[in-house]
There are 2 protein chains.
Amino acid sequence: MKLKVRNVQLTTGGPLVAVLHEKTAKALGIFPTDRLHVRRMHKKEGANCVINITKKGVQEDEIGLFEEVIKKLKVSHGVHVEVEQAEHPVSIQFIKKKLEGKELTEQELDLIVKDIVANELSETELTYFVSGCYSHGLSIKETVALTNAIVKNGEQLHFNKGEIVLDKHCSGGVPGNRTTMIVIPIIASLGYKIPKTSSRAITSPSGTADTFEVLAPVTLNKKKIEAVVKKTNACIVWGGGVDLASADDKMIKIRHPLSIDPTGMLLASIMAKKKAAGATHVLIDIPWGKNVKIETKKQAKVLRKGFLKVGKLLGLKIKVLLTDGSQPIGNGIGPALEATDVISVLKGDGPNDLRQKAIFMATEALKLIGEKDAEEKVIQALESGKAYQKFKEIIYAQGGLKHPNIPKAQFFYSINAKQEGKIKEINNKKIALIATLAGAPEEKSAGVYLRVRVSRWVKKGENLFTIYANTKQNLDTIKRQLKELDPIVYE
Amino acid sequence: MKLKVRNVQLTTGGPLVAVLHEKTAKALGIFPTDRLHVRRMHKKEGANCVINITKKGVQEDEIGLFEEVIKKLKVSHGVHVEVEQAEHPVSIQFIKKKLEGKELTEQELDLIVKDIVANELSETELTYFVSGCYSHGLSIKETVALTNAIVKNGEQLHFNKGEIVLDKHCSGGVPGNRTTMIVIPIIASLGYKIPKTSSRAITSPSGTADTFEVLAPVTLNKKKIEAVVKKTNACIVWGGGVDLASADDKMIKIRHPLSIDPTGMLLASIMAKKKAAGATHVLIDIPWGKNVKIETKKQAKVLRKGFLKVGKLLGLKIKVLLTDGSQPIGNGIGPALEATDVISVLKGDGPNDLRQKAIFMATEALKLIGEKDAEEKVIQALESGKAYQKFKEIIYAQGGLKHPNIPKAQFFYSINAKQEGKIKEINNKKIALIATLAGAPEEKSAGVYLRVRVSRWVKKGENLFTIYANTKQNLDTIKRQLKELDPIVYE
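Residues numbered from 1 in each chain as written. Chains lettered and ligands numbered in written order. Predicted model: local features only at pLDDT ≥ 70, side-chain atom pairs only at ≥ 80, totals over all residues. Heavy atoms only, no water.

Draft legend 1. How the structure looks around the nonpolar core. In terms of nonpolar packing, the biggest core is built from 86 residues, with Phe129(A), Leu146(A), Ile150(A), Phe129(B), Leu146(B) and Ile150(B) touching the most fellow members. Among residues more than four places away in sequence, those in contact with Phe129(A) are Ile95(A), Leu104(A), Leu109(A), Ile112(A), Ile116(A), Leu146(A), Met251(A) and Met265(A). (Core = buried A, V, L, I, M, F, W, Y, C linked by side-chain atoms within 4.5 Å. Buried < 20%, exposed > 50% of the residue type's maximum accessible area, 1.4 Å probe, protein only. Contact = heavy atoms within 4.5 Å.)

Draft legend 2. Quick peek at the packing of aromatic side chains. Residues and elements named next belong to chain A. In total, this model carries four aromatic pairs over all chains according to the counting rule given. Measuring from centroid to centroid gives 5.7 Å for Phe212 and Phe391, while their planes differ by 70°, and the two rings are edge-to-face. Of this pair, Phe212 sits in helix H8 (residues 208–212) while Phe391 is found in helix H16 (residues 386–397), placing the two residues 179 residues apart along the sequence. In this structure Phe391 comes out as buried when scored by relative accessible area, which is 1%. (Phe/Tyr/Trp six-rings, centres within 6.5 Å; stacked < 30°, edge-to-face > 60°. Helix = DSSP H or I, 4+ residues; strand = E, 2+ residues; numbered from the N terminus.)

Draft legend 3. Structural context of the interface of chain A and chain B. Listed per partner, the contact involves 41 residues of chain A and 41 residues of chain B. Between chain A and chain B, a total of about 3700 Å² is buried, with carbon and sulfur atoms accounting for 61% of that surface. Ranking the residues of chain A by area buried against chain B places Leu10(A), Tyr128(A) and Leu258(A) at the top, with a combined share of 18%. Here chain A and chain B share two salt bridges between them. The closest approach of N and O atoms between Glu67(A) and Lys56(B), which form a salt bridge, is 3.2 Å. Where chain A meets chain B, there are 21 residue pairs in polar contact (both at pLDDT 80 or more). (Buried area = accessible area lost by both parts, 1.4 Å probe. Salt bridge = Lys/Arg side-chain N within 4 Å of Asp/Glu carboxyl O. Polar contact = N/O pair within 3.5 Å; in protein donor to acceptor, adjacent residues only side chain to side chain.)

Draft legend 4. Layout of the sheet that holds strand E13 (residues 411–416) of chain A. Residues and elements named next belong to chain A. With antiparallel pairing, the four strands of this open sheet are ordered in space as E12-E15-E17-E13. Every interior strand has two partners, whereas the edge strands, strand E12 (332–333) and E13, have only one. With four bridges connecting them, strand E15 (residues 447–450) and strand E17 (residues 463–469) associate as antiparallel partners. For Val448, the partnering residue across the bridge sits in E17 and is Ile467. Relative to E15, helix H17 (residues 428–438) is tilted by about 135°, and along the sheet it contacts E12, E15 and E17. (Pairing = 2+ DSSP bridges. Axes fitted to C-alpha atoms, helices over the stretch in contact; angles between N-to-C directions.)

Draft legend 5. Representation of the side chain of Asp115(B) in the model. Summarising the element assignment, Asp115(B) is placed in helix H4 (residues 106–117). For Asp115(B), which is buried and forms no salt bridge, the nearest opposite charge comes from Arg35(B), at a distance of 7.4 Å. (Lys, Arg positive; Asp, Glu negative; His and termini not counted.)

Draft legend 6. Inspection of unusual backbone geometry at higher detail. With an omega of 0°, the peptide bond between Ala440(A) and Pro441(A) qualifies as cis. Tracing the chain through its elements places Pro441(A) in the loop between H17 and E15. A positive phi angle is found at Asp373(B), which is not glycine, with a value near 45°. Residue position: Asp373(B) is located in the loop between helix H14 (352–368) and helix H15 (374–383).

So, in structure tokens, the structure goes:
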């Protein structure tokens, strides 16, 4: 059948979707979510689109195309295309199999991931896949196969064969915990490769990518990343800027509305990103404690076991550290405030807890690759200024300024102790929420500067923390809710 | 925030969906599938919409609204609306609970169904619900609760309290099996109420609603249906024309792409339609055999057990019959050809297997309500012409002609026996496929007229079946594939 293209002028954010008038669909024997092969006249190759059906907006002799299809087919509004019914992707059968609780083979998972990357699955079908993995779990074998499939069907960074490539990962949830930005230049200054792709904040006040963006661009393509790593041994970039694990990004989107995190998928997601970045050795930090993502030591241990098993089968050397996640680390929370802390540590000063944790992590990373006198070397790199020098090299190589200008917020509001006493708890989630309400991470300079720690004795009137914002409105919103938001608990 | 309405001029077919430019979404702190409360300026009441995010087509100061939202809010292109972030429906938490394998309470299921009917769940969330029910099954308690929730949150037919109201249901898959259209007038002519809502064909050549539509309109609203039943004791209408179980229709749509039929959902779907139609007594026909929906006696028995358990808890009197579904019933397959068979049986003639099955079903229905000499009464109703008279009354009451004009196809093609022999098998699925390719059910007169039965001895050259179509093209398509489509197997 020949139909006229109507550009519906919307993006789907993924799936290739075409819209038919209900009468046209009926004539073609097509149901919603069936497939239609759409191609330009006199061309052999086209695209399989998922069909939506409408009663309005698309005429009977038309086919509505979303932006993704318009781009892929290189067609424009008003031209004619040839359509014919197409088979459903075979991977749908494997999705159903998983939903029924059966184990999937490597080949089956590979076909599912291939179709996800090609945008050939509808949102409903992708949801069924995530559901199946959540309801029935993924075996270690499946997790490894899913990881390999994600790596295979995305971009990969390539380095010299046999070369050691380090990477680190943190399960997250601890405000201010910016050790990555310190560990990377330490390791790189000692002569090892450590290309780091990081995430942006989703609901937290800042991710490593958001914080480093204060100092340098973080959205780099593959070629540019490889050049930066070649020059400096390292990089600190946003993973979303390069399609290292694009299947994973699509699955995360589907997991969002119900906050679903199937363990196998989580492991595959993390390991795929490491493998695609060319890592041979991976250090994993699992902070656990009250009000952090991993709340109990038991959960942390289960996760560690998973990482070790999957890592081994993937041929990666892994070390997993369970660390204290019960309170924020460092003083600054929010991109610019965190960047200031990081630079301070690299200059030999800085919040002591952040410095100590960074030294510990870097030491463990060196031990993982068999380096002797690891701690000594790490401290030497920090104190000699070599690590800071390397940090500036990375900033410059990624396109940052030699003397970055760290933005400062226009307004602030200090919270002082109303009583004398010993601090029992600092609530991670509440601190993070305050920083977010202040405007982080969109407002780079917004956030919280925390001056106290658990077990500290504070005097009446002493500054506990200061909130930074760029609009009075944001500050007022927080002030109004300060009773519920107060993160400090006394003994 | 104030935004200008852009009518995106498309329907979603369900969920209330609004589209934001990605920058606007970011400013509002909104992620895809988050909720936004949208209301007309100076109005208190609005609608919670699921948010899609686009890079094009909707400007930063605009909100794109799908037809469903435009209608609900009564707004038009270009006017301003007030938007603010809204909570996710609480039912999402229960969907997650089900996905984790936990049993849902009556109240939780009721809230999920309420949100489905109000179009407040996104396609992804609805898919998670169906997945959970498929992966973990529904307990009998849950099935009953889901049934009640579907009934409660949809339209219901009301009759006099305490009055007997009959209904029948067939699990389907047997071509030509149009007993319903014979049983209904028999029962109604004997003085009992039997309002029948039927489905249209989804992938088969005809549903009861498609076949009866040859004789009378089947899309009637609730008021009209109640009037027809008051007048004639019966009706034969399309269930989709009245919102008797609208939640169910939305769930069926989600089940389509993976052909997922969670048993509990299937039971709830069927029983809800019966209960909403006011039934007190339900006769259920489960034809089983090769190439029909229910393939083994074991499966049929499991389904029977489910129906009986759920029916009892719903306070319905149920009888379930397991019948022979191994070959088509009647001669005609396709709306007009089936209607001809039905009228022929009601006139005292017709294909014997269809007549016998209809007599058996009607007899069992009468026995279910405690009527004595049931079979005698049924045969009497048929032979006296009372049932046929009632049939004509129903047609007329629904708006059909006193002398309906049954359409005839323009082209036909006869398949004759190439050899002498005994017929071992007639493949239901292949016969159905031929009738569908011929144009049924859209083309009312298209289909297959089958002249033989299993175990019949046929002579060489004897007519096996004839294919009817309205375009030569359809006939040619079938002719080309006749080798693979041939439904007749000899011993």
